[in-house]
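# Close look at the chain arrangement
Each chain, written out:
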Amino acid sequence: MRQFTEDTLTDAVVARLKKTKNPRLRQIMSAAVKHLHAFSRDVQLTEEEWFEGIKFLTAVGQKCDDKRQEFILLSDVLGLSMMIVALNHKTAPGATEATVLGPFYAHGAKEYESGADLREGCTLKGEDVWVSGRVTSVDGMPIPGAMLDIWQTKADGIYDLQTDGEFELRGRVKANAKGEYAFKSYKPKFYSIPVDGPVGDLVRATGNHHMRPAHMHAIVSAPGYQQVISHVFVEGDPYLDDDAVFAVKNSLIANYKKLADADAKKLGLPAGSLRLDFNFKLSADKAGAKKARQKITASDTVA
Ligand SMILES: [Fe+2]
């Protein structure tokens, strides 16, 4: 076939994909081609605009390195990340809702027992917080040994990965035999997404702000349960209603309350410290739920 026009080209490209052995790849690529062609027709894309797009995506790739992930940031500000979360994390009613991973997750954070101090080695002091809660199933069964992978900004709204420092305010905290977890940290602060790259240029060009409400990130996982990637947001934050990456959910907003001075003293925290109580509830993993539930019941009896 030859002599394609704007009316026949899309079908020709899709037909060429029919030889793709992997059916899912064929489905995804066919839809991508159809939508890309429809998009270019819809806006009557000029050659100059097409090349601007190529330059933009090139710059996004060039901005990425082992600490900076500009493509995730782009996906976040376009709402694609939250769309993927919505499509893929239809949790059971009552389960902790999922939200974006964001670009600042790092593998290999230190593992801690419950009660640990995540402020260790942090280069900037903030408002001290005792963070505690339980990890349970949706119907309230404790999940012993659940793992909480925690990361957040320092008190200036900057993540450790944005500086040359070691891991700070980041750690994998293991819940105890009753599914309870606790750790010391600092209160997170609202922050600007990184705007010194092409995604920042895009946000400015569209007249939007680039702020995210303060939050603590958590990935909570346990055998037999669906892992949840989530945030705990700070009640009263000025950016809760227009998060630059569309990630706020009402069930994830929590109040940082004052910790009683006597409790602070017992925990080795200064007077005036805060407390954050937040329970995580995990949906059963369809395949492994029954097995895990039996294990938890046995552990409960021991505890
Ligand atoms: Fe974040």
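What counts, and where the lines are drawn
- Residues numbered from 1 in each chain as written.
- Predicted model: local features only at pLDDT ≥ 70, side-chain atom pairs only at ≥ 80, totals over all residues.
- Heavy atoms only, no water.
- Pairing = 2+ DSSP bridges.
- Helix = DSSP H or I, 4+ residues; strand = E, 2+ residues; numbered from the N terminus.
- pLDDT = per-residue confidence, 0-100.
- Contact = heavy atoms within 4.5 Å.
- Buried < 20%, exposed > 50% of the residue type's maximum accessible area, 1.4 Å probe, protein only.
- Arc of directions from axis to C-beta.
- Donors = N, O, S within 2.8 Å, 3.2 Å for Na, K, Ca; no water.
- Tetrahedral: all angles 85-135°; square planar, octahedral: opposite > 155°, others 65-115°.

### Here we look at the sheet that holds strand β1 (residues 111–113)
Spatial strand order, β1-β5-β4-β9-β10-β11: 6 strands in an open sheet with mixed pairing. Looking at the sheet topology across the chains shown, the edges are occupied by β1 and β11 (253–254).

### Let's talk about the confidence of the model for the protein
Across the protein, pLDDT averages 91, with 94% of residues at or above 70. Low pLDDT, under 50, characterises residues 289–303; the stretch is placed with 20 contacts to residues that sit more than four places away or in other chains.

### Looking at helix α5 (residues 80–88)
For α5, every residue scored as buried is listed here: Ser81, Met82 and Val85. The buried residues of α5 occupy an angular sector of 95° when the element is viewed end-on, so they sit on one face. Turning to α5, the residues buried within the fold contact α4 (70–77).

### Thoughts on helix α6 (residues 198–205)
Within α6, the full set of buried residues consists of Pro198, Val199, Gly200 and Val203. Buried-residue contacts for α6 involve α3 (47–63) and α4. One or two residues past the end of α6 sits Gly207, with phi positive at roughly 75°.

### As for the coordination of the iron ion
Distances from the iron ion to its protein donors, namely Tyr159 (OH), Tyr191 (OH), His215 (NE2) and His217 (NE2), fall within the range 1.9 to 2.1 Å. Relative to the metal, the 4 donor atoms surrounding the iron ion lie at angles of 90 to 158°, and the coordination shape comes out irregular.

### Considerations on the environment of Pro223
As for its placement among the helices and strands, Pro223 is situated in the loop between β9 (215–221) and β10 (228–234). Judged by relative accessible area, Pro223 falls into the exposed class, the value being 62%. When the C-alpha atoms of Pro223 and Met147 are compared, they prove to be 9.7 Å apart, with 76 residues separating the residues in sequence.

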